[in-house]
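# Commentary on secondary and tertiary structure
Listed below are the residues making up each chain.
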Protein chains: 4
Amino acid sequence: MGGIVLGDNQYGKAETHVVRVTRSGARDDIKDLTVSVALAGDFAATHLTGDNSRVLTTDTQKNTVFAFAREGIGEIEDFGLRLARHFVGESGAVERARVTIEDHPWERIDGHAFVRAGSEKRLATITCTKDGAWVVGGLTDLVVLKSAGSEFWGYPRDRYTTLPETKDRILATAVTARWRFGGTQNDWARSFGEARRLLLEAFAQKHSLSLQQTLYAMGEAALKAIPEIVEIRMSMPNKHHFVVDLSPFGLTNENEVFYAADRPYGLIEGTVMRDDAPDAGLAWG
Amino acid sequence: MGGIVLGDNQYGKAETHVVRVTRSGARDDIKDLTVSVALAGDFAATHLTGDNSRVLTTDTQKNTVFAFAREGIGEIEDFGLRLARHFVGESGAVERARVTIEDHPWERIDGHAFVRAGSEKRLATITCTKDGAWVVGGLTDLVVLKSAGSEFWGYPRDRYTTLPETKDRILATAVTARWRFGGTQNDWARSFGEARRLLLEAFAQKHSLSLQQTLYAMGEAALKAIPEIVEIRMSMPNKHHFVVDLSPFGLTNENEVFYAADRPYGLIEGTVMRDDAPDAGLAWG
Amino acid sequence: MGGIVLGDNQYGKAETHVVRVTRSGARDDIKDLTVSVALAGDFAATHLTGDNSRVLTTDTQKNTVFAFAREGIGEIEDFGLRLARHFVGESGAVERARVTIEDHPWERIDGHAFVRAGSEKRLATITCTKDGAWVVGGLTDLVVLKSAGSEFWGYPRDRYTTLPETKDRILATAVTARWRFGGTQNDWARSFGEARRLLLEAFAQKHSLSLQQTLYAMGEAALKAIPEIVEIRMSMPNKHHFVVDLSPFGLTNENEVFYAADRPYGLIEGTVMRDDAPDAGLAWG
Amino acid sequence: MGGIVLGDNQYGKAETHVVRVTRSGARDDIKDLTVSVALAGDFAATHLTGDNSRVLTTDTQKNTVFAFAREGIGEIEDFGLRLARHFVGESGAVERARVTIEDHPWERIDGHAFVRAGSEKRLATITCTKDGAWVVGGLTDLVVLKSAGSEFWGYPRDRYTTLPETKDRILATAVTARWRFGGTQNDWARSFGEARRLLLEAFAQKHSLSLQQTLYAMGEAALKAIPEIVEIRMSMPNKHHFVVDLSPFGLTNENEVFYAADRPYGLIEGTVMRDDAPDAGLAWG
């Protein structure tokens, strides 16, 4: 047995929930974010001896998030860049700062009232070192369903295969998509809006022979139309809808009545990217 | 010590998740429901001796939900009435059937594709006996926030009171509202749409001196405009947003940066009703 | 349409999470509670006009929980009684105070270190008015399973029945049990320990012909042995374990391999009580 | 913009919940597992054209889990190895199979009855290719608390730092630890028992100057005593317990009454390893 050493490590404040109201009289704007910070660098001392002299406390990180929110948030990608750059510059010990943000959407009722717009969340992950910065945008919990235009057949059968082939099934999933940008300056809101629109459109329009094919088509649609995105990673659970056998009750069921199962579920994960995408560096963590 | 006896009891199948697609060529419609059934009646034997001869199994209840869905669902209040009446009629032992439904909303992308429209759910609870029927509609997880027009002051102070008074706070809540109908025949979709619209409007427009006042105004608005509703019960957690003290950082904070807390939270529950409302009977369980 | 009036209402601070350490040198003791308070009474003014002059704020309620914890917690039933009596006495407006407590268990590692002892929680609900007090104890999330000694057959079959009868099934549930005490002074810890032990023992020993029979046997066992308990209410989901059909793979399955389903589930709820139990009054809410 | 290509991808059935009863008359044994499978390899065709001819369906994967459970489960590391090797051997397209297992613990009540032993779960992640195999064991949701023996001071202060230093705080966390084995044959149960015991012991005994120091001490203790483990990765949220300021009520609070906060929380992640550990290969995914 060799000696025992410290390996990779990081620490930070997770899930600081900040709500920022921008007031302009008759009409307020709100941003509702959950912000997580993770710092890596020269933190061996606190692990080995409890010497905290280089440890920017997680409480300070939380305070920093609130103080920076005071200056305005803007797009979450920019807010994350400002925070991550601050942490890298603040402490000689910090070699890498990663800021992950969930943006909870609200719809306006009137000038000062809002209603939560769904469980879907916009995402950003920003990673900075002293030399570089990487921006990943995205969304999660985008739940979609197709009642037609989905088949699944032609798969190999082994001794454990019982699944019947189908030319007509319900396809349902909860999309998590995260896209890497080629640069760190961009019209983030426009990119997000386009990406979301294209993902939905491709899900709806692509005739599906497998969830993998749908995933690829969604990613390809976003990459084709949004030049500033160089790579997109998607995770899509197959939320199974099983046709209920109503024949014991003397009833037919022509793909009309389904049982929506919770577990187990298929989980399809895939990456679509440009063949000339710059190196991902530390973008993905 | 007296003898030991069986008291109130009920049983049933909870959370059958049924998705019903209605197909008409270019355009499908979907209903996505979670249905729970609870039966009460003469079920002493199964408790006392394990004699199940009067127990309509919960598996049968689940099958019944799927079979009834085959005939079409329509509005959830009607679907619940059909189910509850069936269970009362099906078995001499069943004296009361209660069917509770959550309706998960979808928005249309195109003719055959849909995107989940938020975490908000429409609710119905239908209770039937051999002699009567009661219908309760509602909604839950309607998350709303006001960035202005909310005060809280004038409360008594005892030795444990530290809360500062405020003329300007964020008011945020997740509304659960359930409304009792006077009858069992109605344009349920119209009532639901009106109730939701009026609750949102009252939340936004009512200048709030307390969350209780807001709750009452919301219920009153619905009752005033929707004659078929005779009572409305609301549960509204006060999702606290605390102003962050930025003064240690040399920053002001004029109600712009808030910390959204998870727990503890205020919980405000109240009923608004007509003074001539018919007796609630078994409506509320 | 009649006039519109305020009906039943209550408010309070929910889920104040307090941890109390009692220090005695080499050995600390901890209590880890989530405390919810609900007050009812003469609160029409805040609903109708926003006049808060009788509203003991939920923030004050939270502070009170912490301040009372300073004096020591002891058994949660006693802690709840002290709190509920305080709230009734503190404000002329409060006609009923209900305090609900979840007690999160820890096991000792050594004098100052502890490990969480499961997801099971001990419960208490204490209700006080100016004239009376009611104590309900209990537990929740007590997950149990029997691999033998459970049958289910002899139920009626209608056109929607497909469930095969079985003389041997897995029986699994997550017990929530709440028991009403006849008085307000008692050795609460002993009662709790006995009730939990007897519930487990009856679940294990009772040969089960239905989950209802098991539920009744569990409640009866507790009532027979614990004179200070006069009524017990139980809620027991039937966590279905389905035998997997392995015959397509040329394998038998003699009740050995099961699929544990999440939803839907049976839900069995029942009350067992003494026939001379005093009136429940406001005990159950 | 370059061409668009498929990048990393994997798919599989997640969270198959299998319960296996081993019967031997007076005494049954149970294993209660959630098993997730993820396969990677030559799956471009299904993404690009929907050609599923190489796609071992996730339904088949689920069936395989149940069928393999029929032959007995044993230790989860071995069960995972059997499954992962099967998937790699079953299909020429599969280049890497990863099986992740959560083992839900039960305590025996008697020969055929069991009670869930906490929310803590044992973990295993097994990864196989045609040429190699890697085994990672672990546990999650091991919630621990120290009421003494924890300090936090000596950290740098910047303009956003407000945290007071402390020589006496509550330290609480929910440990997730995953340890990599040097080989694929081992007495897994013994290793698990030892690792769990040593992690708890180090948490309790190590006087803590930071949660990072505690994490390192825990990992070091496991590595020192368990030669078959070559690396351990830990994730430990700092579950903050804040001393409640009772001075407004004229009360002292000498670290006795705490508010247990939910969010935000510190998140400490670190690796402890042997300096001669073999290359991790695909162990960690």
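In the block above lies the structure referred to throughout.
Described below are features of the structure shown in this document. Just so we're clear, the structure is a prediction, and the values are computed from it rather than from any experiment.

Looking now at the packing of helix H4 (residues 188–205) of chain B against helix H5 (residues 211–225) of chain B. Residues and elements named next belong to chain B. Contact geometry of H4 with H5 gives a least axis separation of 8 Å together with a crossing angle of 140°. Regarding the angle of H4 to H5, the classification is oblique. Along this stretch, H4 crosses H5, giving a crossing that reads as right-handed. Of the residues in H5, those in contact with Leu198, Leu199, Ala202 and Phe203 of H4 are Thr214, Ala217, Met218, Gly219, Ala221, Ala222 and Ala225. Taken together, the residues of the contact of H4 with H5 sort by class into nine nonpolar, two polar and no charged.

Superposing chain B onto chain D takes a rotation of 180° combined with a translation of 0.0 Å along the rotation axis, leaving an RMSD of 0.0 Å. Look at the turn and shift together and you get a two-fold axis relating the two. Taking C-alpha positions as reference, the residue of chain B nearest the rotation axis is B:Asp262, located at 3.5 Å. By residue overlap, the copies meet face to face through one surface: 100% of the interface positions of chain B are interface positions in chain D.

When the terminal C-alpha atoms of helix H5 (residues 211–225) of chain C are compared, their 22 Å separation across 15 residues agrees well with the 21 Å that a helix rising 1.5 Å per residue should span. Taken together, the buried positions of H5(C) are C:Leu211, C:Gln212, C:Gln213, C:Thr214, C:Leu215, C:Tyr216, C:Ala217, C:Met218, C:Gly219, C:Ala222 and C:Leu223. Close packing links the buried residues of H5(C) with strand E1 (4–14) and helix H1 (44–48) of chain B together with strand E9 (171–181), helix H4 (188–205), strand E10 (229–238) and strand E13 (265–274) of chain C.

Bringing the packing of aromatic side chains into the picture now. Tallied over the full model, the rule gives 28 aromatic pairs over all chains. Consider the rings of A:Trp179 and A:Phe192, whose centres lie 6.2 Å apart with planes at 40°: the pair is tilted. Taken together, the residues span a long stretch of sequence, with A:Trp179 in strand E9 (residues 171–181) and A:Phe192 in helix H4 (residues 188–205) at a distance of 13 residues. In this pair, the class of A:Trp179 matches that of A:Phe192, namely buried. In this structure an aromatic cluster arises from ring pairing among A:Phe68, B:Phe249 and D:Tyr160. Looking at A:Lys167, its charged tip hangs above the ring of A:Trp153, at a distance of 4.9 Å from the centre. Between C:Arg116 and the ring centre of C:Trp106, over which it is positioned, the NZ or CZ distance is 4.4 Å.

For the rest of this paragraph, the subject is the interface of chain A and chain D. Across the contact, 74 residues belong to chain A and 74 residues belong to chain D. The interface formed by chain A and chain D includes two salt bridges. Residue A:Glu15 is joined to D:Arg263 by a salt bridge in which the shortest nitrogen-to-oxygen separation is 3.0 Å. The interface formed by chain A and chain D contains 40 residue pairs in polar contact (both at pLDDT 80 or more). Among the elements of the structure, strand E1 (4–14), strand E2 (16–22), helix H1 (44–48), helix H2 (58–70), helix H3 (76–90), helix H5 (211–225) and strand E13 (265–274) of chain A are those that each provide at least two residues to the side of chain A that touches chain D.

All names here are of chain A. It is the contact of H2 with H3, at a shortest axis distance of 11 Å, that shows an interaxial angle of 135°. Taken together, the axis directions place H2 and H3 in an arrangement best described as oblique. Of the two elements, H2 crosses H3, and the hand of that crossing is right-handed. Counted together, Gln61, Thr64, Val65, Phe68 and Ala69 of H2 and Phe79, Arg82, Leu83, His86 and Phe87 of H3 form the full contact between these two elements. Counted by class, the contact of H2 with H3 contains six nonpolar, three polar and one charged residues.

Here we take up H2(A). All names here are of chain A. Helix length check: H2, at 13 residues, gives a terminal C-alpha distance of 19 Å against a target of 18 Å (1.5 Å per residue), a fit within 8%. Among the 13 residues that make up H2, 13 are buried, leaving the element largely enclosed by the rest of the structure. Remark: Gly72 follows H2 within two positions and exhibits a positive phi of approximately 105°.

Each side of the interface is counted separately: chain B has nine residues, and chain D has nine residues. Summing both partners gives a buried area of about 930 Å² for chain B against chain D, and 48% of it is carried by carbon and sulfur. When the buried surface of chain B facing chain D is broken down by residue, B:Phe249, B:Asp262 and B:Arg263 rank first, second and third, together holding 50% of it. Counting every contact that joins chain B to chain D gives two salt bridges.

For the rest of this paragraph, the subject is the pattern of salt bridges. For the structure on display, the rule yields 76 salt bridges over all chains. Among the ionic pairs, C:Glu220 bridges to C:Lys224, the shortest N-O distance being 3.9 Å. With a gap of four residues between them, C:Glu220 and C:Lys224 both fall in helix H5, about one helical turn apart. The partly exposed category is assigned to C:Glu220, whose relative accessible area is 24%. One connected set of salt bridges, linked through shared partners, spans A:Glu15, B:Asp262 and D:Arg263.

Let us look at the environment of D:Arg27. On the secondary structure map, D:Arg27 appears in the loop between strand E2 (16–23) and strand E3 (28–41). In this structure, the C-alpha to C-alpha distance between D:Arg27 and D:Ala113, residues 86 residues apart in sequence, is 9.2 Å.

The rules behind these values
- Residues numbered from 1 in each chain as written.
- Chains lettered and ligands numbered in written order.
- Predicted model: local features only at pLDDT ≥ 70, side-chain atom pairs only at ≥ 80, totals over all residues.
- Heavy atoms only, no water.
- Axes fitted to C-alpha atoms, helices over the stretch in contact; angles between N-to-C directions.
- Helix = DSSP H or I, 4+ residues; strand = E, 2+ residues; numbered from the N terminus.
- Parallel < 35°, antiparallel > 145°, perpendicular 65-115°, else oblique.
- Left-handed = near helix turned anticlockwise from the far one by under 90°.
- Contact = heavy atoms within 4.5 Å.
- Nonpolar A, V, L, I, M, F, W, Y, C, P; charged D, E, K, R; others polar.
- Least-squares fit on C-alpha atoms with pLDDT ≥ 70 in both.
- Expected span 1.5 Å × (residues − 1).
- Buried < 20%, exposed > 50% of the residue type's maximum accessible area, 1.4 Å probe, protein only.
- Phe/Tyr/Trp six-rings, centres within 6.5 Å; stacked < 30°, edge-to-face > 60°.
- Lys NZ or Arg CZ within 6 Å of the ring centre and 35° of its normal.
- Salt bridge = Lys/Arg side-chain N within 4 Å of Asp/Glu carboxyl O.
- Polar contact = N/O pair within 3.5 Å; in protein donor to acceptor, adjacent residues only side chain to side chain.
- Buried area = accessible area lost by both parts, 1.4 Å probe.

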